[in-house]
Structures are given as structure tokens and as C-alpha cells.
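Each chain, written out:
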Amino acid sequence: MTRRSCVIYATGIVCAHLLIVGIALVVAQVFQTMIHNRLKKELTLTEASRVFESWKNPPPPVYMEYYFFNVTNPEVFLAGGKAVVTQIGPYTYREYRPRENVTFLENGTKVYALNPKSFVFVPEKSRGNPEVDILRTVNIPAVAVMSELNSYSFLLRTFVSIYMKSIGVEIFMTRTVHEVLWGFKDPLLTKIHSVRPEVDEMFGLMWKKNGTHEGEFVFLTGERDYMEYGRIDTWNGLTEMSWWSSKQSNMINGTDGSVFHPLLSRKELLYIFAADLCRSIHLGYVEDVDVKGIPAYRFAPPHDVLQSPEENPTNAGFCVPAGDCLGTGVLKVSVCREGAPIVVSFPHFYQADDKYINAVDGLHPNKEEHETYLDLNPTTGVPIRACKRAQLNIILNRVPGFPETKHLNEIIFPIMFVNETATIDDDSAAQMRTLLLIVTLVSNFPLLIVGMGAILLIVLVVLVCRSRQKKNEVKRIDFTEAFHSFTTAKDETAYTQVSDKPEVEPSENNYTNQPMRNGSYIAMSPVEAQKC
């Protein structure tokens, strides 16, 4: 066997083995299953996990941007006209949210934690100074008191109205942004506090929320099932709420929005429990995006999250009391706001009924600025970028006994909205890209084997073709040489005279005295005859 044949046979054997093994591994998904099992084991809320420290102390900076709606014509509105608002802000604060008192429960399958949040003003990311900028907005304490007294006698309401006017309390107030946000001593609440000490005399949208937490959480670590990774088990000791009018609406579903299980699918719904919204919401897949070179799935609340019960009957449970429902795009949360007529929505009533948008001039909802979304890496479930946007509103209505409200029809009035944003930092993004590269290489290793087999198959075909071509050339050369030899030999056998001597008649003496010749003409040269 020639060296060329050995090379061909060896290449064929290696090629066949690579293709068979590679295709078998691809079909069986051995490496993909192996890396997925590794991810499921690594992505758990345990001390040995690589993600545990980042869960306790999130490295990406979180920013809270506060926007306010400044009312420019309160007198016209109270007289029955249409309110005009202008958006001011953002007033941006860096949010710090480490987890404290972390304690493992039930053999490491659950973990208890508090999540206090603190805020530091960031002037370079803000538009204006909150301690200087003046804001004219709805007097929420006054409206809350009027709403609370709506079920009391007309005489009591009239008395309270007179008292409010005497201390200068009106439906609209003028304060600095800092006061409205972080608190001030309200004259009406101060009076109520003297009668009912449990009522705080201070008011602010973020009063007592700087340095405090939203409740005690117990999370599932994901040790038993990777799908349970980060899911809330209890909140303030509760497995479900009691504010709403249906069991489904009271369920505490999903995570707190900081972590999600790995190996996400585009078809699944993700659930988040939002304590500030007093409910769980779900998010659906929107599109594929890329953040700092990291592939991600974008999830956002679909339109049905805040649809009216007429459009989405499952939302009937959020009507309290039962049957007292608002339209699409808004949610009344009075049940968890001490009875105040507070309504939440997306900024500028994005995805809400037109009647809410058109009730006030100055609102311009759009997807780019007002949509809530999460960009999650599908392999690890890690949030790469997040924008949580929510708007705070209050219901204004006519209340008998309060003359200022006599021209009002029910309206959901915008107060402010917040844009909570976070994007993965550069160092974490680099680590994530490296991890995803390793996962991709390991998962696609069988394809690499198949590719090598395919390359060797091409090499094998080339070698076989060249071998056959070589054999054909050898055969042609042999035939040509044989044909050439044959024609050459034929030409050279033509008889030629080898002697110029005249022929002599043979005689008996000649035969005896001279040696025998083999003839006068031979093929190439005269040769003496061999003696017998």
C-alpha cells in the first residue's frame, strides 16, 4: 500500500468518527445539557454561589429620577376650566439598596433579607435644584381629609371646611420640590395629630422612605428548583395580601425584580411583586436587544395589566369595593395608602384611556420615555438594563360642604412620576461577556466537531479525486510510451544495405573457406552467424 493510500484511509476513518460523534452529541445535546445544569447549580441564592455577593450588594448604580407636574392655572381649574400642567425635572438621586440581616432558613432553601434604600441627590444628572424650585400641585393631605369626610355628615364637613380656610389650607399648595418630596410639617395634619396622635403631622411623597425598607422578604434560593430562584415566599410574613377583592389579585407572585431564573424563554410571562404598587404584575417578551455587547430579551408589562374589567375580567379583583372600577390604564391603591384617593398609572397615562390623557393639558405619552421594561440576558436571567416608570395621581371630585370643589367633576389629576433606571456597569458587563463566550463555546463544541469532520470530508474528496487523476495520467503515459516504442521499432526495422561490396556468387570454396554470414541485410548491424 502506498503512502498516498494510507493518508486517504486515515483521513476517511478520522472524518467518519468526527461526523458520527459530532452529530450524536448535537442530537443528544450533551454539552448543552451539561452547561445548563451547571448554570442551574451556580445561579442560586447561596453563599457558595457566584451571584450571591452581587445580590447582597448590587454593583450597577441605580438612579431615581423624579418628575413633577406643575399646575399653571389652579384658579381656572377650580372655576370649572381645564387644568394646564408643565413637567419639571428630573431631580435625580442615586439609590443605594444593600440587603441586610441576610439569614438562611430551612436548610438553605430560603433566605430572609431586608432591603433598605437610601437616596443621595446627584446635581449633575438633575435639571434644577429641589431646595429652590417652587412647585404648585394638589394639596394631597387636604384632598385626603375631604375624601375621608365624604361619608360623614354635611355639618361636620362644613365645619372642617371653615377651619381649613381659616388656617390657609386650600386644594392646591405651593411648596419647594424638596418639601413635597421629602416632607414638611403640614398645618392640617398637625391639628389632626393633636386629636389623633397616630396620624403623622409630616407629609411628603417620600417621607420616611430614605433609609427604610419596604418590608421583610423571604426568598426561595433556587436550591430545589432553578425556576424558584429569587421568587418571593413571604412578604411581611404573608403569603398573600388581603387588600383586594379576589384571591388571584391578592397573590404575591414572582421576584422583587432584581433577579430572575436562568434559561429564559421568549414565550413565558415574568412576574414581579411591586410593594409600592401593592400588587404583582406580569411582563411579556417584546423584542431582542443588545446592551454593551450582551444579548438580552426585553420584557414589558402588556396592555392587559391595567385594562379595565370590561376588557380583562381578571382585573375585577382590583376593584375595591367590588364593582367600583376605574378605566383602562389606572389602578386605585387607596386600600394600601391609608384610604387616600391615590391612583397609579404609567407616566403621562401611557396605555390609558384617552379620557384621562385629555382631562389635563400638557400630557404627551410616548413609548420611549414612559414605558416600563426589563432587559434580561436569557442565559443567566441577569437584568442588564431596567427602567421602572410609575406615575402618582389623585382623584379630585366634588365634595358637598367644601365650596372649593363645587365646580369639579371627577378627574384623576397627575402629581408626579418616577423613572427608576439601572444599567449593568462596565466591569460586570465584561465578566458577563466572558461567561457567555465560555457558555457558547462549550454548548457549541459538538458543532465544532462536526465542522472539523466536514473539513476532513472535503479533504478526503480532494485526495480521492487527485489519486484517481494521478492513476489516469500514469495509464496515459504508459500507453503513449508503448505506442511510441512500437512506432519507433517499426520504422527502424526497414532493411538497409550494410556493405557496398558487390555480391559474389557463392562457391563451394567460399562456403568452406569463409565464415558464414547471416545475410546481406539485417535490422541494425551485421552479425556473424554462430557456428553450430
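Just so it is clear, the structure is predicted and the values come from calculations on it, not from any experiment.

Quick word on the pattern of salt bridges
- Summed over the entire model, instances satisfying the criterion amount to 23 salt bridges.
- The salt bridge partner of Glu179 is Arg175, with a shortest N-O separation of 3.9 Å.
- A relative accessible area of 25% means that Glu179 is categorised as partly exposed.
- Relative accessible area serves as the criterion here: at 24%, Arg175 is assigned to the partly exposed category.
- For Lys185, the salt bridge goes to Glu201, with nearest N and O atoms at 3.9 Å. Taken together, the positions of Lys185 in strand S8 (residues 184-185) and Glu201 in the loop between helix H8 (187-195) and strand S9 (202-203) put the pair 16 residues apart, joining distant regions of the chain.
- Looking at Glu201, the relative accessible area reads 23%, which means it is partly exposed.

A few points about a nonpolar patch on the surface
- On the surface, Tyr152, Leu156 and Phe159 cluster together into a nonpolar patch covering about 310 Å² of accessible area.
- Relative to the helices and strands, Leu156 resides in helix H6 (residues 154-166).

Some points on the sheet that holds strand S11 (residues 232-235)
- Taken together, the four strands give an open sheet; going across it, the order is S3-S4-S10-S11, and neighbouring strands pair in antiparallel fashion. With partners counted over all chains shown, the strands left at the sheet margins are strand S3 (100-105) and S11, one partner each. Going from strand to strand, the sheet's axes swing by 20° on average, the running direction of each strand aside.
- Across four bridges, S3 lies against strand S4 (residues 110-114) in antiparallel orientation. Bridged to Leu105 within S4 is Lys110.

Here we look at the nonpolar core
- Counting residues in each nonpolar core, the largest one holds 104 residues, and the members touching the most others are Tyr66, Phe68, Phe77, Leu205, Ile394, Leu396 and Phe413.
- Looking at this core, the element that brings in the most residues is strand S20 (residues 411-423), giving seven residues.

Quick notes on the environment of Tyr66
- Counting through the fold element by element, Tyr66 comes out in strand S1 (residues 62-71).
- For Tyr66, a relative accessible area of 1% corresponds to the buried category.
- The spacing of Tyr66 and Thr92 is 26 residues in sequence and 6.3 Å in space, taken between C-alpha atoms.

A few points about the state of the cysteines
- Counted according to the given criterion, the structure contains two disulfides.
- A sulfur-sulfur separation of 1.7 Å characterises the disulfide bridge that pairs Cys278 with Cys336. Between Cys278 and Cys336, the disulfide has an S-S torsion of 85° and is therefore right-handed. With Cys278 in the loop between strand S12 (270-274) and strand S13 (279-291) and Cys336 in the loop between strand S15 (330-332) and strand S16 (342-345), this pair connects stretches of sequence that are 58 residues apart. Both residues of the pair, Cys278 and Cys336, belong to the buried class.
- Cys319 shares a disulfide with Cys325; S-S distance 1.9 Å. Its S-S torsion of about 120° marks the bond between Cys319 and Cys325 as right-handed, since a negative value means left-handed.
- Classification of Cys325 as partly exposed rests on a relative accessible area of 29%.
- With its disulfide-bonded cysteines labelled consecutively along the sequence, the protein chain is connected as 1-4, 2-3.

A closer look at the packing of helix H5 (residues 140-148) against H8
- Relative orientation of the contacting elements H5 and H8 amounts to 50°, with a least axis distance of 8 Å. One way to sum up the angle between H5 and H8 is to call them oblique. Where H5 approaches H8, its residues Pro141, Ala142 and Val145 are matched on the opposing element by Leu188, Leu189 and Ile192.
- Each residue belonging to the contact of H5 with H8 can be placed in one class, and the counts come to six nonpolar, no polar and no charged.

Digging into the packing of aromatic side chains
- What the rule picks out here adds up to 21 aromatic pairs.
- Lys125 extends its terminal NZ or CZ atom over the ring of Tyr63, reaching a point 5.0 Å from the ring centre.

Regarding the environment of Pro262
- In this structure, Pro262 sits in the loop between S11 and S12.
- What makes Pro262 buried here is its relative accessible area of 0%.
- When neighbours within four sequence positions are excluded, Pro262 is seen to be in contact with Leu43, Tyr226, Tyr229, Pro378, Thr379, Thr380 and Gly381.

Description of the confidence of the model for the protein chain
- On average, residues of the protein chain score 86 in pLDDT, and 83% of them are at 70 or above.
- At the low end of the mean pLDDT range in the protein chain sits helix H13 (residues 508-513), at 47; at the high end sits S1, at 98.
- Counting interchain partners and residues more than four positions distant, the pLDDT-below-50 stretch residues 507-513 has five contacts.
- Low pLDDT, under 50, characterises residues 515-532; the stretch is placed with 14 contacts to residues that sit more than four places away or in other chains.

What counts and what doesn't
- Residues numbered from 1 in each chain as written.
- Predicted model: local features only at pLDDT ≥ 70, side-chain atom pairs only at ≥ 80, totals over all residues.
- Heavy atoms only, no water.
- Salt bridge = Lys/Arg side-chain N within 4 Å of Asp/Glu carboxyl O.
- Buried < 20%, exposed > 50% of the residue type's maximum accessible area, 1.4 Å probe, protein only.
- Helix = DSSP H or I, 4+ residues; strand = E, 2+ residues; numbered from the N terminus.
- Patch = residues over 30% accessible without salt bridge, like charges linked within 9 Å, V, L, I, M, F, W, Y side chains within 5 Å.
- Areas by Shrake-Rupley, 256 points an atom, 1.4 Å probe, with all protein chains shown as cover.
- Pairing = 2+ DSSP bridges.
- Axes fitted to C-alpha atoms, helices over the stretch in contact; angles between N-to-C directions.
- Core = buried A, V, L, I, M, F, W, Y, C linked by side-chain atoms within 4.5 Å.
- Disulfide = S-S within 2.5 Å.
- Parallel < 35°, antiparallel > 145°, perpendicular 65-115°, else oblique.
- Contact = heavy atoms within 4.5 Å.
- Nonpolar A, V, L, I, M, F, W, Y, C, P; charged D, E, K, R; others polar.
- Phe/Tyr/Trp six-rings, centres within 6.5 Å; stacked < 30°, edge-to-face > 60°.
- Lys NZ or Arg CZ within 6 Å of the ring centre and 35° of its normal.
- pLDDT = per-residue confidence, 0-100.

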